[in-house]
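One-letter residues, chain by chain:
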Amino acid sequence: MDVSVVDFRNPEAPARFADSLRRTGFGVIKNHPIPQDLVQTIYREWLTFFDNPAKEAYAYTQERRDGYYGPKVSETAKGQTKRDLKEYFHIFPGGRYPAEVSDAARRYYGVAGGVAATLLGWVQAHTPPEVRARFSRPLPAMIENSDYTLLRILRYPPMTGGEEEGAQRAAAHEDINLLTVLPAASDAGLQVKDSEGRWYDVPGDFGTLIVNAGDMLKEASSGYYPSTSHRVLNPAGEARFRSRLSAPLFLHPRSEVVLSERHTAGSYLDERLRQIGVKK
C-alpha cells in the first residue's frame, strides 16, 4: 500500500499529501514543526502517570468527556466484541488535567492543533471543485473555535499472557473525526488495510507524523476521502514486555457543523460513541 511520506517543507507537499489521503486514507509527514523532544517528554511523563494510582482520581464518567479511561471502560471497536487492550486520558480545552505531569501535553495540543489545521487547509485546497462544493463550509472553518478536538494520551500496557483470547491492543477500526494527527508511537505496531483486505505496516519512523482521514471527512466528501481501517497489533518478542505510548490528536468540527444531509458533526459523534460503547 503506497502511503506517501511527504516533506512538510516541500512546495509540493500539500498536493502530495492530499493525493495520498485520497488513495489510501493515510499520509506520513516528515520535517514537520512539532518538536520531537516535546513528544518524548509526554511519553516519559505519562508512562509514569499510568503507573500511578493517582490516575483513578480523574476517572471518566458518563457526564464528562475528559479524564482517565481505564482498561475496563476502554473502547470496543465498531463491529468487535472485545475491548481493546489499552488505557488513555482525554484532554480537551478547559478539561481536567493531571497535576502529576507537566504542561507538555497541553503545549503539544496547541502546536499539533496548528499543524493539523494547516494539513486540513491542504486538503481543502487540493480537493476537486465538484467535491469541495459538497462541504457545508471550508474544512478549516469547520474546526474554528471547536472545543471537541481531542488529544488522547494512550498507553498500551505490556502483555502479561493473561489477556482475553482474541483481544488486541487496538482492533481494526476507523476514526470518527475529520483528521487524526499521530506522532510516531514509542513502538511499532500500526497497520492499515487496503481495499482488497490486505494489511500493511504504516511507515512511521520516530519523529514523523502519521495522518489519516476519519469518518467525518469521508461523510463530508461523500466518500472521496476514504476512512481506512487500521489496527495496532499485539507485539511479539521483547516488545511484549514494554508499554507502547502514543498521542493521537483527533480533529473535530463544532457540533453544529453540517457534514451531509444525514448528519451534523454532533449527531454523527453521538451515534458513533454509542456504537463503540463509550456512551449509553
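Below you will find a few notes about this structure. (Residues numbered from 1 in each chain as written. Predicted model: local features only at pLDDT ≥ 70, side-chain atom pairs only at ≥ 80, totals over all residues. Heavy atoms only, no water.)

Turning next to unusual backbone geometry. Backbone phi values are negative for most residues with the exception of glycine, while trans is the configuration of most peptide bonds. Phi is positive for asparagine 145, close to 60°, though the residue is something other than glycine. In this structure, serine 222 takes a positive phi of about 55° despite not being glycine. For serine 222, a relative accessible area of 54% puts it in the exposed group. (Buried < 20%, exposed > 50% of the residue type's maximum accessible area, 1.4 Å probe, protein only.)

Glancing now at the layout of surface pockets. The space that makes up the largest pocket amounts to roughly 810 Å³. If you trace the largest pocket, you find 47 residues lining it, with Glu75, Leu150, Arg152, Ile176 and Phe250 closest to the centre. When residues of the lining of the largest pocket are assigned to their parent elements, the largest contribution, five residues, is made by helix 7 (residues 265-275). Considered class by class, the residues forming the lining of the largest pocket number 21 nonpolar, twelve polar and 14 charged. When its volume is computed, the second largest pocket comes out at roughly 210 Å³. Along the wall of the second largest pocket there are 13 residues; nearest its centre are Pro71, Asp84, Leu85, Lys86 and Glu163. Its residues assigned to classes, the lining of the second largest pocket shows six nonpolar, one polar and six charged. (1 Å grid on protein atoms, 1.4 Å probe; cavity = no way out; pocket = protein on both sides within 12 Å on 5 of 7 lines; lining within 4 Å. Points joined across faces, edges and corners; volume = space filled by probe spheres on them. Helix = DSSP H or I, 4+ residues; strand = E, 2+ residues; numbered from the N terminus. Nonpolar A, V, L, I, M, F, W, Y, C, P; charged D, E, K, R; others polar.)

Bringing the packing of helix 1 (residues 13-24) against helix 3 (residues 104-125) into the picture now. At their nearest, the axes of helix 1 and helix 3 sit 9 Å apart, and the two run at 80° to each other. The angle between the axes of helix 1 and helix 3 places the two elements in the roughly perpendicular class. Seen from helix 1, the contacting residues are Ala13, Pro14, Phe17, Ala18 and Leu21; seen from helix 3, they are Leu119, Trp122 and Val123. Considered class by class, the residues forming the contact of helix 1 with helix 3 number eight nonpolar, no polar and no charged. (Axes fitted to C-alpha atoms, helices over the stretch in contact; angles between N-to-C directions. Parallel < 35°, antiparallel > 145°, perpendicular 65-115°, else oblique. Contact = heavy atoms within 4.5 Å.)

Under the definition given, this model contains 15 aromatic pairs. Considering the side-chain rings of phenylalanine 49 and phenylalanine 89, the 5.8 Å spacing of their centres and the 75° angle between planes classify their relative orientation as edge-to-face. Of this pair, phenylalanine 49 sits in helix 2 (residues 36-50) while phenylalanine 89 is found in strand 4 (residues 87-91), placing the two residues 40 residues apart along the sequence. Aromatic side chains tyrosine 58 and phenylalanine 89 sit 5.8 Å apart centroid to centroid with 65° between the ring planes, which places their arrangement in the edge-to-face category. Here tyrosine 58 is found in the loop between helix 2 and strand 3 (67-69), whereas its partner phenylalanine 89 is found in strand 4, with 31 residues between them in sequence. By relative accessible area, tyrosine 58 is classed as buried at 13%. Judged by its relative accessible area of 0%, phenylalanine 89 is buried. Aromatic ring contacts, followed pair by pair, group Trp46, Phe49, Phe50, Tyr58, Tyr68, Phe89 and Tyr97 into a single cluster. Taking NZ or CZ as reference, arginine 22 lies 4.3 Å from the ring centre of tyrosine 224, over its face. In this arrangement the basic side chain of arginine 231 is found over the ring face of tryptophan 199, its NZ or CZ atom lying 3.9 Å from the centre. (Phe/Tyr/Trp six-rings, centres within 6.5 Å; stacked < 30°, edge-to-face > 60°. Lys NZ or Arg CZ within 6 Å of the ring centre and 35° of its normal.)

What follows deals with the sheet that holds strand 8 (residues 190-193). Reading across from one edge, 6-11-8-9 is the order of the four strands in this open sheet, with antiparallel pairing throughout. Edge positions in the open sheet fall to strand 6 (170-173) and strand 9 (199-201), since each of these has one partner strand only. Along the sheet, successive strands turn relative to each other by an average axial angle of 20°, direction set aside. Pairing between strand 6 and strand 11 (residues 230-232): two bridges, direction antiparallel. For alanine 170, the partnering residue across the bridge sits in strand 11 and is valine 232. (Pairing = 2+ DSSP bridges.)

For the pair helix 2 and helix 3, interaxial distance at closest approach is 9 Å and the crossing angle is 140°. With respect to helix 3, the axis of helix 2 lies oblique. The two elements helix 2 and helix 3 meet at a crossing, and its hand is left-handed. The segment helix 2 lies against helix 3, with Leu38, Val39, Thr41, Ile42, Glu45 and Trp46 engaging Ala104, Ala105, Arg107 and Tyr108. Split by residue class, the contact of helix 2 with helix 3 holds seven nonpolar, one polar and two charged. (Left-handed = near helix turned anticlockwise from the far one by under 90°.)

Let us look at the side chain of lysine 86. Note that lysine 86 resides in the loop between strand 3 and strand 4. We classify lysine 86 as buried; its relative accessible area is 4%. A polar contact of 3.0 Å, which involves the side chain of lysine 86, links it to the side chain of aspartate 84. Setting aside chain neighbours within four positions, we find lysine 86 in contact with Gly70, Pro71, Ser74, Glu75, Arg152, Leu154, Arg155, Tyr156, Pro157 and Arg169. (Polar contact = N/O pair within 3.5 Å; in protein donor to acceptor, adjacent residues only side chain to side chain.)

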